[in-house]
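Listed here are the chains, written in short residue letters.
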Amino acid sequence: MNYAEIGDDSLPVAFFVHGSPGSWSAFVDFMKDSVLLEKVKIVSVDRVGFGDSGLGEAETSLSAQAFYLKPIVEKYKKKGKKLILIGHSLGGPVIARMAMDYPELIDNLIIVAGSIAPELEPHEKWFRIPMDLFPIKFLIPAAFRASNHEILYLKPELEKMLPLWKNIRQPVIVIQGKKDQLVSPENAAFAPKMLINSAKVDLVIVDSMNHFVPWSHPQLIKNAILQSIKP
C-alpha cells in the first residue's frame, strides 16, 4: 500500500481516501495548504488497484479495502492523535466501512460526494460487464480497468453495510453538491437516516456544486477538517 504524508507528527491526522479512479495525488493541493498544515498532519493513500498500490488489480470487497488501510491508519492512531478520515466518491463508503470495522481507530468522518446508498447506484451493468471481460479489459488504461471492476460490484457491497451503519458513533460531516451527475445527490439524505447513533451528523449541501468537490470547492473540505479537530 502506497501513501504520502506531510506535516508535524504532534498534530491530529487528516487521512484522505480517493475515489474511483484516482490516487493519493488527488489531494496534493491540501498537502500544500500552509494554514491546514499548522493544524493537521496530512496523509493520502493509493487504494488497492490505483497509483502504486497494485495498479489495475482492484479489490471489490469494501471490508477488504478497509482491512488493507488498517495498518496505515493504526500507525498514526498509535501515536495517540485524533484521526479524521476524509473519503471522496467511492472513498466515502470505504471510510464508512473503516469506522464500522475498526471504530477504535477513527475519531471523525468526512464523506465527500460519497456513493453510500445501494438503491441509488446507477444501472450500468450493460456496459461495465463487457468492459470487465477479456480481452476488452486489457485494452483500457489500468486505472479505468480497476475502477470499472470495483464499481461493477459496489451495490452488493453497499448492501452488506446496511445493518452496520448503526455502529458508527463518530461525528460525521457529509458534503454533497446538487449538480453531481456521477453520484446521486440523494446519497446525502441517506446518511442521517442510517447514522442513528452518530454523535453528530452535519450536511453541507451546495446547489451549484458538482462531483469534483476537492478541486472545485476545496474550502468546504478544509472547513470540515478544521471543524472536526475542535474539542
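All values derive from a computational prediction rather than experimental measurement.

## Brief notes about the packing of helix α2 (residues 62-77) against helix α3 (residues 91-101)
How two helices pack is summed up by the angle between their axes together with the distance between the axes.
Okay, so step 1: It is the contact of α2 with α3, at a shortest axis distance of 9 Å, that shows an interaxial angle of 75°. In terms of orientation, α2 lies roughly perpendicular with respect to α3. Across the interface between the two elements, Leu 62, Ser 63, Gln 65, Ala 66, Leu 69, Lys 70 and Val 73 of α2 pack against Pro 93, Val 94, Arg 97, Met 98 and Asp 101 of α3.
Okay, so step 2: Residue composition of the contact of α2 with α3, by class: seven nonpolar, two polar and three charged.

## Remarks on unusual backbone geometry
Leaving glycine out, the prevailing phi sign among residues is negative, and the prevailing peptide bond configuration is trans.
Okay, so step 1: Cis geometry is found at the peptide bond from Ser 20 to Pro 21, where omega equals -5°.
Okay, so step 2: Along the chain, the position of Pro 21 falls in the loop between β2 (13-17) and α1 (34-37).
Okay, so step 3: We note that Ser 89 has phi near 60°; this positive angle belongs to a residue other than glycine.
Okay, so step 4: Structurally, Ser 89 is set in the loop between β4 (83-88) and α3.
Okay, so step 5: We classify Ser 89 as buried; its relative accessible area is 8%.
Okay, so step 6: Non-glycine residue Ala 113 carries a positive phi angle of around 50°.
Okay, so step 7: Note that Ala 113 resides in the loop between β5 (108-112) and α4 (125-131).

## Details of the packing of aromatic side chains
Okay, so step 1: Scanning the model with the defined rule gives seven aromatic pairs in all.
Okay, so step 2: The interplanar angle of 55° and the centroid separation of 6.3 Å between the aromatic rings of Phe 212 and Trp 215 together place this pair among those described as tilted.
Okay, so step 3: Its relative accessible area of 47% is what places Trp 215 among the partly exposed residues.
Okay, so step 4: Aromatic rings pair up to connect Phe 16, Phe 27 and Phe 30 into one cluster.

## Describing a nonpolar patch on the surface
Okay, so step 1: On the surface, a cluster of nonpolar side chains totalling about 300 Å² of accessible area is made up of Met 1, Phe 67 and Tyr 68.
Okay, so step 2: Within the secondary structure, Met 1 is located in the segment before β1 (3-6).
Okay, so step 3: Given a relative accessible area of 42%, Met 1 falls into the partly exposed group.

## Examining the nonpolar core
Okay, so step 1: Formed by 39 residues in total, the largest nonpolar core has its most connected members in Phe 15, Leu 85, Trp 165 and Ile 168.
Okay, so step 2: Excluding residues within four positions of it along the chain, Leu 85 makes contact with Phe 15, Val 73, Ile 95, Met 98, Ile 106, Asn 108, Leu 109 and Ile 110.
Okay, so step 3: Membership of the second largest hydrophobic core comes to 23 residues, among which are Ala 4, Ala 14, Val 112 and Val 213.

## Remarks on the environment of Met 100
Okay, so step 1: Following the sequence through the fold, Met 100 ends up in helix α3.
Okay, so step 2: Sequence separation of Met 100 and Gln 170 is 70 residues, and the distance between their C-alpha atoms is 10.0 Å.
Okay, so step 3: Residues contacting Met 100, with those up to four places away along its chain left out, are Met 161, Leu 164, Trp 165 and Ile 168.

## Quick notes on helix α9 (residues 218-228)
Okay, so step 1: Taken residue by residue, α9 has Ile 221, Lys 222, Ala 224, Ile 225 and Ser 228 as its buried positions. All buried residues of α9 fall inside an arc of 160° around its axis, so they share one side.
Okay, so step 2: Packing partners of the buried residues in α9 comprise β2, α1, β4, β5, β6 (172-177) and α8 (213-216).

## Regarding the environment of Ser 208
Okay, so step 1: Structurally, Ser 208 is set in the loop between β7 (201-206) and α8.
Okay, so step 2: In this structure the C-alpha to C-alpha distance between Ser 208 and Ala 191, which are 17 residues apart in sequence, comes to 20 Å.

## Some points on helix α7 (residues 187-194)
Okay, so step 1: Along α7, the residues that are buried comprise Asn 187, Ala 188, Phe 190 and Ala 191. Take α7 and look down its axis: the buried residues cluster within an arc of 155°, on one side only.
Okay, so step 2: Buried-residue contacts for α7 involve β6 and β7.

What counts and how
Residues numbered from 1 in each chain as written. Predicted model: local features only at pLDDT ≥ 70, side-chain atom pairs only at ≥ 80, totals over all residues. Heavy atoms only, no water. Axes fitted to C-alpha atoms, helices over the stretch in contact; angles between N-to-C directions. Helix = DSSP H or I, 4+ residues; strand = E, 2+ residues; numbered from the N terminus. Parallel < 35°, antiparallel > 145°, perpendicular 65-115°, else oblique. Contact = heavy atoms within 4.5 Å. Nonpolar A, V, L, I, M, F, W, Y, C, P; charged D, E, K, R; others polar. Buried < 20%, exposed > 50% of the residue type's maximum accessible area, 1.4 Å probe, protein only. Phe/Tyr/Trp six-rings, centres within 6.5 Å; stacked < 30°, edge-to-face > 60°. Patch = residues over 30% accessible without salt bridge, like charges linked within 9 Å, V, L, I, M, F, W, Y side chains within 5 Å. Areas by Shrake-Rupley, 256 points an atom, 1.4 Å probe, with all protein chains shown as cover. Salt bridge = Lys/Arg side-chain N within 4 Å of Asp/Glu carboxyl O. Core = buried A, V, L, I, M, F, W, Y, C linked by side-chain atoms within 4.5 Å. Arc of directions from axis to C-beta.

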